[in-house]
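Residue-level structure breakdown
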Amino acid sequence: MKTETDEIAAVAEWLEQAGQVTALTGAGISTESGIPDFRGPNGLWTKDPAAQGRATIQHYMASREARVDAWRMRSEHPSRTVDPNAGHAALAELERKGRLHTLITQNIDSLHQRAGSSAGKIIEIHGTLRDVVCMSCGERGPMEAALERVGAGEDDPPCTACGGVLKSATISFGQPLVPEILERAQTAASACDVLLAIGTSLSVFPAAYLPQRALQAGARLVIVNAEPTRYDGRSHAVLRGPISRTLASLVALV
Ligand code: NAD
């Protein structure tokens, strides 16, 4: 039977031989930085299943109370205070080694950028907490400016251009993805020789179709995740160890 060390060595070889490598990351890569995921053992929704219903765009638009709550959570969001971990650093290193073509992330926390991955390589398919956007006129602005208004007493700050509802520039449940961004992600999944799916339960669609695209195009699929995913049976390797340690060992061999 293959040990995890053998598996990691085999994956490192695939990364070296590949013409193009794409990574798809999810909330699991940031848990070791202190940002809880949704569906892991300590996930926000594992602990409070009703929270999923409160995370929809419909609820946000319909309820002032939901927005006030959301602004409070944004002010306290751990991504404002925590640091990237060795997993994020390993992906930045893989890029520096010329072995990572595209980094698709479902995360909204900017930790890949802060770890040194190039903005041009990153596709944030679920948006970002760095900005806010008006749901009426589409005006965008920095999150920090909106949070300053919250701190000064506006508990649900409206758009300064049109008075519409402001929201973080993230994709909420029930909200469509930005078509051009999804298309870029799909192209990167179809064009790669190896897709690394890291820290994602692969249960949020359409992001969870990306491994399917890669497999259909003949790529190797490598899952780096502590818990089983729907793709484990079709993947070429599954690495179950903690992400930071696993990625650091893997990238050191490339
Ligand atoms: P998920 O919560 O559905 O799944 C995370 C997976 O990562 C779980 O299967 C868990 O077992 C695994 N995991 C967690 N920590 C790990 C570790 N240290 N080592 C190995 N495995 C680990 O996350 P998802 O698939 O990304 O879907 C959730 C959605 O919510 C996404 O859109 C995501 O972007 C968003 N979200 C983002 C953040 C963030 O930006 N940091 C945090 C929570 C949720």
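Each value, and the rule that gives it
- Residues numbered from 1 in each chain as written.
- Predicted model: local features only at pLDDT ≥ 70, side-chain atom pairs only at ≥ 80, totals over all residues.
- Heavy atoms only, no water.
- Salt bridge = Lys/Arg side-chain N within 4 Å of Asp/Glu carboxyl O.
- Helix = DSSP H or I, 4+ residues; strand = E, 2+ residues; numbered from the N terminus.
- Buried < 20%, exposed > 50% of the residue type's maximum accessible area, 1.4 Å probe, protein only.
- Phe/Tyr/Trp six-rings, centres within 6.5 Å; stacked < 30°, edge-to-face > 60°.
- Axes fitted to C-alpha atoms, helices over the stretch in contact; angles between N-to-C directions.
- Parallel < 35°, antiparallel > 145°, perpendicular 65-115°, else oblique.
- Left-handed = near helix turned anticlockwise from the far one by under 90°.
- Contact = heavy atoms within 4.5 Å.
- Nonpolar A, V, L, I, M, F, W, Y, C, P; charged D, E, K, R; others polar.

**Quick notes on the pattern of salt bridges**
Counted under the stated rule, the structure contains eleven salt bridges. The partner of aspartate 83 in a salt bridge is arginine 114, with the nearest N and O atoms 3.1 Å apart. Separated by 31 residues along the polypeptide, aspartate 83 in the loop between helix H5 (64-75) and helix H6 (86-96) and arginine 114 in helix H7 (residues 111-115) bring together distant segments of the chain. According to the relative accessible area criterion, arginine 114 is partly exposed, its value standing at 43%.

**What to know about the packing of aromatic side chains**
Summed over the entire model, instances satisfying the criterion amount to three aromatic pairs. Between the aromatic rings of phenylalanine 38 and tryptophan 45, the centroid separation amounts to 3.9 Å while the plane-to-plane angle is 15°, which identifies the pairing as stacked. Overall, the relative accessible area of 30% leaves phenylalanine 38 in the partly exposed class. Classification of tryptophan 45 as buried rests on a relative accessible area of 9%. Chaining the aromatic ring pairs together yields one cluster made of Phe38, Trp45 and Phe173.

**Focus: the packing of H5 against helix H8 (residues 143-151)**
As a packed pair, H5 and H8 sit with axes 10 Å apart at the nearest point and diverge in direction by 115°. Taken together, H5 and H8 sit at an angle that is classed as roughly perpendicular. As H5 packs across H8, the resulting crossing turns out to be left-handed. The residues of H8 that touch H5, namely those facing Trp71, Arg74 and Ser75, are Met143, Ala146, Leu147 and Val150. The residue inventory of the contact of H5 with H8, partitioned by class, reads five nonpolar, one polar and one charged.

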